Amino acid sequence: MTYRCDHLHLRSRDAVAAARFYVEVLGARETGRDGAPTVSRVMLDLGGLAVLIEQAPEATGPAAVPPNLGIEHIGLRVNDIEATVADLQARGIRLVSGITDVRPGLRIAFFDGPDNVRIEVLQRGEPVRA
């Protein structure tokens, strides 16, 4: 058998607002919406990963607080972590952890997105300068 990643499915208290965050902050591209007049799902392309953000029913429990079991975070690779972290901070996004040098060639930082989704930005190797 062969398995390939198809999508990441998130639930949100406000799917439209959450999608706006991924578009405006992380450069995702909205590819569609389900539901009218009330949106029930927003579909995004986040760097080649299909992300489905579904409007959560009122009775949905709270999001897990990392560290937790199950999916713990989304990892997004960047070319220059210092520039990325500076951009996030300029947008008013609070980092959970500053830049950490895990080992030579791997630098990481974490922040929280909508609905307590933990997001990691990581840089492998040397920064790519334009």
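For the structure itself, consult the block above.
All values reported here derive from a predicted model rather than from experimental measurement.

Visitor: Please provide a residue-by-residue account of the packing of aromatic side chains, values included.
Guide: Scanning all chains against the criterion turns up one aromatic pair. Centroid distance F21 to Y22: 5.5 Å. Interplanar angle 85 degrees. Geometry classified as edge-to-face. For F21, a relative accessible area of 16% gives the class buried.

Visitor: So what's going on with helix α1 (residues 15-26)? Residues and values would help.
Guide: The first and last C-alpha atoms of α1 sit 16 Å apart over 12 residues, in line with the 16 Å expected at 1.5 Å per residue. On its buried face, α1 sits against β1 (8-12), β3 (41-46), β4 (49-55), α2 (81-90), β7 (106-112) and β8 (118-124). Taken from the residues just after α1, G27 is the one with a positive phi, measuring 75 degrees.

Visitor: Could you give an account of the pairing of strand β6 (residues 95-103), naming the residues involved and the relevant values?
Guide: In this sheet, β7 lies alongside β6 in antiparallel orientation, the contact comprising five bridges. Bridging across to β7, D101 finds its partner in R107. Adjacent in sequence and paired antiparallel, β6 and β7 are bridged by two residues, among which G105 carries a positive phi angle near 90 degrees.

Visitor: Kindly report on the sheet that holds β1, identifying the contributing residues and their values.
Guide: Taken together, four strands build an open sheet; the order of strands is β1-β4-β3-β2 and the sheet is mixed. Single-partner strands in this sheet number two, and they are β1 and β2 (29-34). Recorded for the sheet is a direction-independent mean angle of 20 degrees between the axes of neighbouring strands. When β3 meets β4, the two strands line up antiparallel, connected through six bridges. Counterpart to L46 in the pairing with β4 is L49.

Each value, and the rule that gives it
- Residues numbered from 1 in each chain as written.
- Predicted model: local features only at pLDDT ≥ 70, side-chain atom pairs only at ≥ 80, totals over all residues.
- Heavy atoms only, no water.
- Phe/Tyr/Trp six-rings, centres within 6.5 Å; stacked < 30°, edge-to-face > 60°.
- Buried < 20%, exposed > 50% of the residue type's maximum accessible area, 1.4 Å probe, protein only.
- Helix = DSSP H or I, 4+ residues; strand = E, 2+ residues; numbered from the N terminus.
- Expected span 1.5 Å × (residues − 1).
- Contact = heavy atoms within 4.5 Å.
- Pairing = 2+ DSSP bridges.
- Axes fitted to C-alpha atoms, helices over the stretch in contact; angles between N-to-C directions.

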